[in-house]
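Residue-level structural notes
Listed below are the residues making up each chain.
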Amino acid sequence: MKKILVPIDFSSDSINALEHAINIANKSNASLTMVYVKSNNTLSTPLYFKDLTKKEQHSPEELFNIIIEKYNDKFLTNYDYKIHEGKVFKEITNQAKYDNTDLIVMGTHGMSGFETYFIGSNAFKVVSNVNCDVITVRNGFLRTDIKNIIMPIDISSETQKKLESTVKIAKLYNAKIHVLSVSETNSEEIAKTLESTSSKICNYLSTNNILFERQSILKKGITENIINYANKTKAELISIMTEQTETSYNLWLGKYAQQMINNSPIPILSIHNNK
């Protein structure tokens, strides 16, 4: 992991995402780029900055300078910022492609420039239009260290593609991976396939000296079950695929990934199938 990108709209939500990104960048010695997509040259001072400045309006450059001044001691690697104009998700996607970004860390809600783009289904536009991994952080999730990662698996062949990216994050933090077999049916055939896939994954984790735990939930309500399990284990991250080849038993087609991104209070690591 060499390059991390953080969309910034100067809301507290995007600043929270920035703090998570700084932590990951410092752990991995990656450079960090902040990106703002503007609609005008000045902004009403966001609530987050009310205690830091007395001005009612600022240019994006002024607000970035305030961020840099506040977080300068926390940046242990190279960092910069970019200012674009246009549609937010397209500009973020283009910047990620131009920089050959390895990871995007972004908030799911915000204000000003991102208000209509990063709420609900539109957050998924960024996730589904980039080829790099994306961590989405919901407002209010403040834990930046990662000790427990939930990795749900289904019976599709693509489900194991999330393993490499999940292991990279686990190694950075010496985190435990919870291999969670999930299905909305407990048929013997599906249970047997999940058992086989889970065993292969756990053998790989053991060989690579990754802490892991194994569990299965075979009942209806996939999204809710995963989130409940993540809350129960005090997880800091859930890793999913954004899309897979369509089969009757697939769990991570667009609508399921979108449900996780929109509803999970815990950060989501979204891994693209084309990686």
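Keep in mind that this is a model prediction, so the values were computed, not measured.

Rules behind the numbers
- Residues numbered from 1 in each chain as written.
- Predicted model: local features only at pLDDT ≥ 70, side-chain atom pairs only at ≥ 80, totals over all residues.
- Heavy atoms only, no water.
- Helix = DSSP H or I, 4+ residues; strand = E, 2+ residues; numbered from the N terminus.
- Buried < 20%, exposed > 50% of the residue type's maximum accessible area, 1.4 Å probe, protein only.
- Contact = heavy atoms within 4.5 Å.
- pLDDT = per-residue confidence, 0-100.
- Salt bridge = Lys/Arg side-chain N within 4 Å of Asp/Glu carboxyl O.
- Phe/Tyr/Trp six-rings, centres within 6.5 Å; stacked < 30°, edge-to-face > 60°.

As a further point, take the overall build of the protein. Scanning the protein from N- to C-terminus turns up eight helices and 12 strands. When each of the 275 residues of the protein is scored for burial, the buried share is 53%. The contacts of the protein with a sequence gap of at least 6 include a subset with a gap of at least 24, amounting to 77%.

Bringing unusual backbone geometry into the picture now. One non-glycine residue, Asn29, adopts positive backbone phi at about 60 degrees. Among the secondary structure elements, Asn29 is positioned in the loop between helix H1 (12–28) and strand E2 (31–38). Of the residues examined, Asn29 reaches a relative accessible area of 59% and is grouped as exposed. For Lys234, which is not a glycine, the phi torsion comes out positive at approximately 55 degrees. Among the structural elements, Lys234 can be located in the loop between helix H7 (222–232) and strand E11 (237–241).

On to the confidence of the model for the protein. Put simply, the protein has an average pLDDT of 85, and 85% of its residues get 70 or more. When the elements of the protein are averaged for pLDDT, strand E3 (residues 43–44) gives the smallest value, 68, and strand E1 (residues 3–7) the largest, 96. For residues 112–121, every residue scores under 50 in pLDDT, and the model assigns this stretch 29 contacts once sequence neighbours within four places are set aside. With pLDDT under 50 throughout, residues 244–253 is counted as low confidence; its partners more than four residues away or in other chains account for 33 contacts.

Scanning the entire structure with this criterion turns up five salt bridges. Taking the shortest distance from any N to any O, the salt bridge between Lys82 and Asp80 comes out at 3.9 Å. Judged by relative accessible area, which is 33%, Lys82 ranks as partly exposed. Among the ionic pairs, Glu236 bridges to Arg143, the shortest N-O distance being 3.5 Å. Here Glu236 is found in the loop between H7 and E11, whereas its partner Arg143 is found in the loop between strand E7 (133–137) and strand E8 (148–153), with 93 residues between them in sequence.

If you walk through the whole model with that rule in mind, you get four aromatic pairs. Ring geometry for Phe10 versus Tyr36: centroids 5.0 Å apart, planes at 45 degrees, classification tilted. Separated by 26 residues along the polypeptide, Phe10 in the loop between E1 and H1 and Tyr36 in strand E2 bring together distant segments of the chain. Since its relative accessible area comes to 0%, Tyr36 is described here as buried. Taking the centre distance of 4.3 Å and the plane angle of 10 degrees together, the rings of Phe64 and Tyr81 count as stacked. Taken as a pair, Phe64 in helix H2 (residues 60–71) and Tyr81 in strand E5 (residues 79–85) lie far apart in primary sequence, 17 residues in all. Here the aromatic residues Phe10, Tyr36, Phe64 and Tyr81 are joined through ring pairs into a cluster of three or more.

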